[in-house]
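# Inside the fold
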Amino acid sequence: MRDKYAHSRRSPSGFVLPAPPPVVVAPKEGVVASSFLDQDRAYFHAYSHVGIHEEMIKDRARTDAYRDAIFFHADYIRDKVVMDVGCGTGILSIFCAYAGARKVHAVDASAIAVQAREVVKANNLSDVITVHHGRVEDLQIFEEVDVIVSEWMGYMLLYELYMAPITNAEKYSECIDFWRSVYGIDMSAMLPLAKQCSFEEPCIETVPAESVLSWPIVIKQIDCNTVTVRELETVKADFSVSSIMMAPLHGFCIWFDVSFGTRVLQETDLQSDSSLDSSFSGENDNNGNSRTKKRANPSDCIVLSTAPDSTPTHWAQTILYVYDPIEVKQDQEISGSIELSQSKENPRFLNIHLKYRSGNRECVKESVMR
């Protein structure tokens, strides 16, 4: 739905078989969507910077998961034609070549494709990997593609999408309470502006597990084999959780987990449409919310988690900070609803509408993930 680096943030990633199509808003008939073309140019230009690719590749949890998923699904790749959409430096294309792909078409619309060609050449893989510089929508190749590999996941996006309330007194003190007294001067008149500037948009931060106030709820569970574009245009969920401690509620934390399917493919797996489905299950509390997240045996499933209690990744977590904290007691209910929808002005942006209530407080927060 969106990309982080389009505005000097960080980048999406992911690996699926097959990859879902991009979310596109079609222009009205007869109208040239020049604004969308401009947005695309800015989006792809951001990926020309080596720092973006360095950060993603250095994220071992991410890169190891993709590499392992490719090698463990080598039966799908060996002697096949693969397309790597958004190939970046070409690292996934090279993994596919090592997994036995007969041909790999590596596609990237940013200028990093120039460096990707040199990387492929330096590894003596030019006879297997062809790097195409351009948008995948404009690409013409004259052979059938068997497998699509794509790094597509952005902040809050999306396989199983979780949310939980958090407390973060240090952040609030640093950004807001600072203005209450500056060199002995009462500058509390700055508080409304400070809250707006600090917390209007979602923040990308690593949240310690001990700051999470409740068991998480699942906002959205997605099967990449069957999901449609329309399903992702708007995602809604109601929630009701109980605080596991007494602390101020400072915001809501959102993260995602991805399952890359079974580690060892059996013949029955190849005959089943669900062989690459997520292998998560969970117990529900009295409100129907997931209390625990039970994963399949690690020997059977490759899981990339961006949760607060997992190895930190370059995605960190996405935080929706509230403007005014709510003091909650242990076992106090925190409820409400969240809606994520694709922006009509820019299809890469995400509109967020959050309603939350606890005790005698009920609030609404609207934000845009740019």
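Residues numbered from 1 in each chain as written. Predicted model: local features only at pLDDT ≥ 70, side-chain atom pairs only at ≥ 80, totals over all residues. Heavy atoms only, no water.

Attention now moves to unusual backbone geometry. Positive phi values are uncommon outside glycine, yet Asp79 reaches one of about 65°. Along the chain, the position of Asp79 falls in the loop between α4 (74-77) and β1 (81-85). One non-glycine residue, Ala316, adopts positive backbone phi at about 50°. (Helix = DSSP H or I, 4+ residues; strand = E, 2+ residues; numbered from the N terminus.)

On to the packing of aromatic side chains, then. With the rule as written, the count across this model stands at eight aromatic pairs. Look at Phe71 and Phe95: their rings are 6.0 Å apart centre to centre, the planes differ by 65°, and that puts the pair in the edge-to-face class. With Phe71 in helix α3 (residues 60-72) and Phe95 in helix α5 (residues 91-98), this residue pair connects regions lying 24 residues apart in the sequence. On the basis of relative accessibility, which here comes to 33%, the residue Phe71 falls in the partly exposed class. (Phe/Tyr/Trp six-rings, centres within 6.5 Å; stacked < 30°, edge-to-face > 60°. Buried < 20%, exposed > 50% of the residue type's maximum accessible area, 1.4 Å probe, protein only.)

This next bit is on α3. Taking 1.5 Å of rise per residue, the 13 residues of α3 would be expected to cover 18 Å, and the 17 Å separating its terminal C-alpha atoms lies within 8% of that figure. For α3, the set of buried residues is Arg62, Thr63, Ala65, Tyr66, Ala69 and Ile70. Buried residues in α3, looked at end-on, bunch into an arc of 160°, giving them a common side. (Expected span 1.5 Å × (residues − 1). Arc of directions from axis to C-beta.)

Turning to the nonpolar core, a few remarks are in order. It is characteristic of soluble globular proteins that their nonpolar side chains tend to be buried jointly. Ile129, Ile219, Phe252 and Ile338 are the most contacted members of the largest nonpolar core, which has 67 residues in total. Among the elements that take part in this core, strand β9 (residues 247-262) stands out by supplying seven residues, more than any other. The residues touching Ile338, leaving out its near neighbours within four places in the chain, are Met163, Ile219, Val235, Lys236, Ala237, Phe239, Ile254, Leu320, Ile352, His353 and Leu354. Grouped together as the second largest cluster of nonpolar side chains are 17 residues, Ile166, Leu191, Cys203 and Val212 included. (Core = buried A, V, L, I, M, F, W, Y, C linked by side-chain atoms within 4.5 Å. Contact = heavy atoms within 4.5 Å.)

Moving on, we come to the side chain of Lys195. Mapped onto the fold, Lys195 is located in helix α8 (residues 191-199). In this structure Lys195 comes out as buried when scored by relative accessible area, which is 15%. Once you skip the residues sitting within four places of it in the chain, Lys195 turns out to touch Tyr172, Ile176, Glu200, Tyr323 and Asp324.

Pairing is antiparallel across the open sheet formed by four strands, whose spatial order is β8-β14-β15-β16. Both outer strands of the open sheet, β8 (234-242) and β16 (361-369), are each paired with one neighbouring strand and no more. Geometrically, the sheet is characterised by an average inter-axis angle of 10° between neighbouring strands, direction not taken into account. Both β8 and strand β14 (residues 333-342) contribute to a ladder of nine bridges, which runs antiparallel. Considered in β14, the bridge of Phe239 is made with Gly336. (Pairing = 2+ DSSP bridges. Axes fitted to C-alpha atoms, helices over the stretch in contact; angles between N-to-C directions.)

This part is about the confidence of the model for the chain. In regions of low pLDDT, the predicted coordinates are not meant to be interpreted in detail. Per-residue pLDDT for the chain averages 77, and the proportion of residues at 70 or more is 74%. Per-residue pLDDT stays below 50 along residues 1-33; that stretch engages in 115 contacts with residues further than four places along the chain or on separate chains. When the criterion is pLDDT under 50, residues 263-298 qualifies, and its contacts beyond four places in sequence or with other chains add up to 78 contacts. (pLDDT = per-residue confidence, 0-100.)

What follows covers the sheet that holds β1. Read across the sheet, four strands follow the order β3-β2-β1-β4 without closing on themselves; strand pairing throughout is parallel. Two strands lie at the open edges of the sheet, namely β3 (129-133) and β4 (147-150), each paired on one side alone. The average undirected angle you get between the axes of adjacent strands in this sheet is 20°. Pairing between strand β2 (residues 103-108) and β3: five bridges, direction parallel. What sits directly across from Ala106, in β3, is Val131.

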